[in-house]
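Tertiary structure, described
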Amino acid sequence: MYSFRPFRNSDPPRIAQLWSCQPPQRGLAQPVSASVLELCLFSKQYFDPKGFIVAYDGDQLVGFAHAGFGPNNEFDDLDTSMGTTHMVMVQEDLWSTDLADQLLERSEAYLRERGAKVLYGGGINPLNGFYLGLYGGSELPGILLSDTNRRELLARHQYRERGRVVVLQRDLVRFRPMVNREQRKVAREVNFETLYSPVTHNWWTTSVYGSLERIQFLLRRRRQDKVVASATFWDVEPLASSWGLRVAGMFELWVDDECRRHGYGTYLLSEAFKELHKRGISMIETQTMLTNAPAIEFYKKLGFAPIDHGLVYRREAR
């Protein structure tokens, strides 16, 4: 018989040990320490110990489930009408038992008690308050297609796929910037700028991204002194260390409406990739919804290739 209870401050070393004994998986950082978990999970302002349910078999921690919420429309507080089970993890040999199911049910009960009417499985923007750098990649992708145990768990509990993310990577070692008339024209019109640790503009983005090692690249039109494009990257740690690579994750790309389809995005990323490669970055990762055909085509022209998919799982609370 398993015993279940909310998180206690004495749990992180045992949680780290459970995590580090998980089977290898591309989208799961390995190994992790109690200090890494503290930084990525337990130190967050909105972490609620009651939403982190641990399972013990005697004095051995054998699993946990972590439930949480996203921001309200003003990004200054939590919205508890929608919740997600960010993670369910059990000892490897216990996936064939009903332990993961019991943990998921307790996670759902916590979310319903807080007022959730819609339940998700996995983290995805804006339900992205935890696990950046620990699961997924450049952003939280829901549940990775390669993550068989968690996908099967959610399917057993009537979660249905409501969207799909494509995860793409670009090797910088062989990257060569595009050179043509359009790109030379853009280069004459703009200045390329670098901004370290860009300012975040609300409580939620500060909580999610503020502690990450971030760098932003800008294109500023010379005559108007106007920013017309930007891209923001972070170092995807500690997950990238699991891959044995230095990886930059692009989680924000913006191009002014008037400049789209005129080569500004291509020029911005070409210059950004050159700068990142000088800094020792060997791989770029990004993601977008599978339905966003223009973005996927744009990334493919820059040499990105799909390496995984993320599934957005959802069901109504009962």
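Provided above is the structure to which this section pertains.
An account of the accompanying structure is given in this report.

Definitions and cut-offs
Residues numbered from 1 in each chain as written. Predicted model: local features only at pLDDT ≥ 70, side-chain atom pairs only at ≥ 80, totals over all residues. Heavy atoms only, no water. Helix = DSSP H or I, 4+ residues; strand = E, 2+ residues; numbered from the N terminus. Polar contact = N/O pair within 3.5 Å; in protein donor to acceptor, adjacent residues only side chain to side chain. Contact = heavy atoms within 4.5 Å. Core = buried A, V, L, I, M, F, W, Y, C linked by side-chain atoms within 4.5 Å. Buried < 20%, exposed > 50% of the residue type's maximum accessible area, 1.4 Å probe, protein only. Pairing = 2+ DSSP bridges. Disulfide = S-S within 2.5 Å. Phe/Tyr/Trp six-rings, centres within 6.5 Å; stacked < 30°, edge-to-face > 60°. Lys NZ or Arg CZ within 6 Å of the ring centre and 35° of its normal. Right-handed = clockwise from strand over helix to strand, strands pointing away.

Considering the side chain of D11
- Tracing the sequence through the fold places D11 in the loop between β1 (3–6) and α1 (12–20).
- Here the side chain of D11 touches Y56 through a polar contact of 2.9 Å, side chain to side chain.
- When residues no more than four places from it in sequence are discounted, the contact partners of D11 are R5, P6, V54, Y56 and L61.

Let's talk about the environment of V236
- Secondary-structure assignment places V236 in the loop between β11 (226–234) and α7 (239–243).
- Between the alpha carbons of V236 and L94 there is a distance of 29 Å; along the sequence they are 142 residues apart.
- Residues within four places of V236 in sequence aside, it is in contact with G137, V247, A248 and G249.

Description of the nonpolar core
- Core analysis: the biggest nonpolar cluster contains 70 residues, and W19, L37, F52, F64, Y131 and L134 have the highest contact counts within it.
- For W19, the residues in contact, after removing those within four places along its chain, are L28, A29, Q30, V32, L37, F64, M87, M89, Y131 and L134.
- The next biggest cluster of nonpolar side chains, apart from the first, holds 31 residues, and it includes L219, A295, Y299 and F304.

Remarks on the pairing of strand β14 (residues 305–316)
- Note: strand β5 (residues 118–121) against β14, four bridges, orientation antiparallel. Across the sheet, residue L119 finds its bridge partner in β14, namely R315.
- When strand β7 (residues 141–144) meets β14, the two strands line up antiparallel, connected through two bridges. The partner of L144 across the bridge, within β14, is G310.
- In the sheet, strand β8 (residues 160–171) pairs with β14 via nine bridges, with the strands oriented antiparallel. Across the sheet, E161 pairs through a bridge with Y313, a residue of β14.

Remarks on the state of the cysteines
- Throughout the structure, instances matching the rule amount to zero disulfides.
- Cysteine C40 shares no disulfide, and the gap to the nearest cysteine sulfur, in C21, comes to 19 Å.

Remarks on unusual backbone geometry
- The residue after Q30, namely P31, is reached through a cis peptide bond having omega -15°.
- Mapped onto the secondary structure, P31 falls in the loop between α1 and α2 (34–42).
- The linkage connecting E237 with the following residue, P238, adopts the cis geometry, with an omega of 10°.
- Residue placement: P238 occurs in the loop between β11 and α7.
- Phi at Q158 is positive, roughly 65°, even though this residue is not glycine.
- With a relative accessible area of 40%, Q158 lands in the partly exposed category.

Brief notes about the packing of aromatic side chains
- Enumeration according to the criterion identifies 22 aromatic pairs in this entry.
- Members of the aromatic cluster, each reached through a chain of ring pairs, are F7, W19, F42, Y46, F47, F52, F64, F130, Y131, W203 and W204.
- One residue, R106, lies across the ring of F4, its end atom 3.8 Å from the ring centre.

Comments concerning the pairing of strand β4 (residues 78–90)
- As judged from the nine bridges shared by strand β3 (residues 60–71) and β4, these two strands associate in the antiparallel manner. The residue of β4 that forms the bridge with A67 is T85.
- Counting the residues that bridge the hairpin from β3 to β4 gives six residues, and of these F75 lies at a positive phi of roughly 60°.
- Summarising the sheet, β4 and β5 pair through four bridges and their orientation is parallel. Among the inter-strand pairings, M82 is bridged to a residue of β5, identified as V118.
- You can see the chain leave β4, run along helix α3 (residues 99–113) and come back into β5, and the turn it takes is right-handed.

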